[in-house]
Amino acid sequence: MDVNYRWALVAFSVLLMLQTGPTSAQILGFYDMKCPRAESLVSLTVQQAVARDPTMAASIVRMHFHDCWVEGCDASVLLDSSPAWGPAEKEAGPNQSLRGFEVFDAAKAAVEAVCPGIVSCADIIALAARDAIVAVGGPTWQVPTGRRDGTTSTATSAGLNIPSSLFTYSQLLMNFLNHGFSEDEMITLSGAHTIGRAHCSAFMGRLYPTVDPSLDPAYAAQLKARCLPGGNPGIVVPLDPGTPDIFDNSYYLNLGAGRGLMPSDAALLNSGFSTSISQQNGQNGQFWTVKFANAMQRMGMMNLKLGLLGEIRTNCRVRN
Ligand code: HEM
């Protein structure tokens, strides 16, 4: 083999590994020696939180998505606003409905009590999201650790990155491609909406002034009974009306039956490719589950701060 070609291959492989795979600073069992109980303490905290409130699993998973999508998985979503950076990510419109910050505080307190200054908030979010999916009957995947925490957080960046429930199919696709995710991964990850809830404001436009004809009429009537114009802004509706706290593939079956809740859910049927992937995911839940776990693992590796970058926060809400 030509020497230059061989070097180019080596350089390419290293680059690929740096971009997509675990690096030397991000490895399975990163805490085995430094803080052996780290992963089990996070798991326990999540299990307790979900046992107390089953709706919390979805909120934990969403937190991970909103963390990784904005400046990478660096727990910047957990930081409070500060004079240093102004309004934080959590103040951005789409983040105002995030919940579960106290679960991350509890997990952090549990690990700090046994090994202070070792376990990052970013790793806690990635581990907790996996544990939350498992807690509601979903698949598991390995979470390489060693992420470090970001030192800044801005609402502007969150506003620019988090997709809106009002996005069209091409806006959704652009958003995912820009974040390094394929069309199939976008459809596959959207299946996370098989758990959790949305506020009426996220889909009111499908009910009033006229009902979106692509909605199943009986479902639309149920939604209208719950979401009244000028009604209580705190009211939420399950994303999957049948099994909102069970990780199954009914999200895709709902889509096909006109029971996708938000415009962005229904939009998945606006392209031939995504319609056929959604149908596949609906027909073969096991196949979707494997794709989901792989995509979640990849999401957890977005734009990481490793090595000397970032810090290990003592309190997930403030930088050190
Ligand atoms: C495809 C683009 C997406 C859009 C436009 C979107 C938008 C939304 C919106 C508007 C809500 C309701 C928030 C509320 O009103 O309280 C929501 C909930 C949720 N989203 Fe997404 N989302 C998307 C993708 C994802 C992905 C990729 C994941 C995870 C992998 C995810 C996980 C969740 C979960 C679990 C909930 C329920 C949260 C809870 O019950 O607290 N979403 N999403």
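All values reported here derive from a predicted model rather than from experimental measurement.

A. Inspection of the pattern of salt bridges at higher detail. Tallied over the full model, the rule gives 13 salt bridges. Among the ionic pairs, D80 bridges to K90, the shortest N-O distance being 2.4 Å. Residue D80 is located in the loop between α3 (56–68) and α4 (101–114), and its partner K90 is located in the loop between α3 and α4; the two are separated by 10 residues in the primary sequence. Residue D80 is classed as partly exposed on the basis of its relative accessible area, which comes to 27%. By relative accessible area, which is 11% here, K90 ends up buried. Of the charged contacts, one joins R130 and D131 as a salt bridge, the two residues approaching to 2.9 Å between their closest N and O atoms.

B. Structural detail: the domain arrangement of the chain. With domains assigned, the chain is organised as domain 1 (26–163) and domain 2 (169–298). Put simply, the middle of domain 1 and the middle of domain 2, counted by C-alpha atoms, are 23 Å apart. Listed per partner, the contact involves 21 residues of domain 1 and 17 residues of domain 2. Carbon and sulfur atoms supply 74% of the area that domain 1 and domain 2 bury against each other, a total of about 1500 Å² over both sides. Area buried by domain 1 at its contact with domain 2 is led by W69, V136 and W141, which between them contribute 36% of it. There are zero salt bridges connecting domain 1 and domain 2. Here domain 1 is connected to domain 2 by six residue pairs in polar contact (both at pLDDT 80 or more).

C. Geometry of the packing of α3 against helix α5 (residues 121–135). At a minimum axis distance of 8 Å, the contact between α3 and α5 shows a crossing angle of 140 degrees. Along this stretch, α3 crosses α5, giving a crossing that reads as left-handed. Contact with α3, carried on its side by A57, I60, V61, M63, H64 and D67, involves I125, A126, A128, A129, A132 and I133 of α5 and no other residues of that element. When the residues that make up the contact of α3 with α5 are grouped by side-chain class, the tally is 10 nonpolar, one polar and one charged.

D. Highlighting the confidence of the model for the chain. Per-residue confidence for the chain averages 93 on the pLDDT scale, and 92% of its residues sit at or above 70. Predicted confidence is poor over residues 5–21, with pLDDT under 50, and the contacts of this stretch with residues over four places away or in other chains come to eight contacts.

E. Just the state of the cysteines, in detail. For the structure shown, the criterion picks out four disulfides. Linked covalently through their sulfurs, C68 and C73 form a disulfide whose S-S length is 2.1 Å. In this structure, the disulfide formed by C68 and C73 twists by about 115 degrees around the S-S bond and is classed as right-handed. The exposure class assigned to C68 is buried, which follows from its relative accessible area of 1%. By sequence-ordered numbering of the bonded cysteines, the chain has its disulfides arranged as 1-4, 2-3, 5-8, 6-7.

What counts, and at which threshold
Residues numbered from 1 in each chain as written. Predicted model: local features only at pLDDT ≥ 70, side-chain atom pairs only at ≥ 80, totals over all residues. Heavy atoms only, no water. Salt bridge = Lys/Arg side-chain N within 4 Å of Asp/Glu carboxyl O. Helix = DSSP H or I, 4+ residues; strand = E, 2+ residues; numbered from the N terminus. Buried < 20%, exposed > 50% of the residue type's maximum accessible area, 1.4 Å probe, protein only. Domains from an automatic or database assignment. Contact = heavy atoms within 4.5 Å. Buried area = accessible area lost by both parts, 1.4 Å probe. Polar contact = N/O pair within 3.5 Å; in protein donor to acceptor, adjacent residues only side chain to side chain. Axes fitted to C-alpha atoms, helices over the stretch in contact; angles between N-to-C directions. Left-handed = near helix turned anticlockwise from the far one by under 90°. Nonpolar A, V, L, I, M, F, W, Y, C, P; charged D, E, K, R; others polar. pLDDT = per-residue confidence, 0-100. Disulfide = S-S within 2.5 Å.

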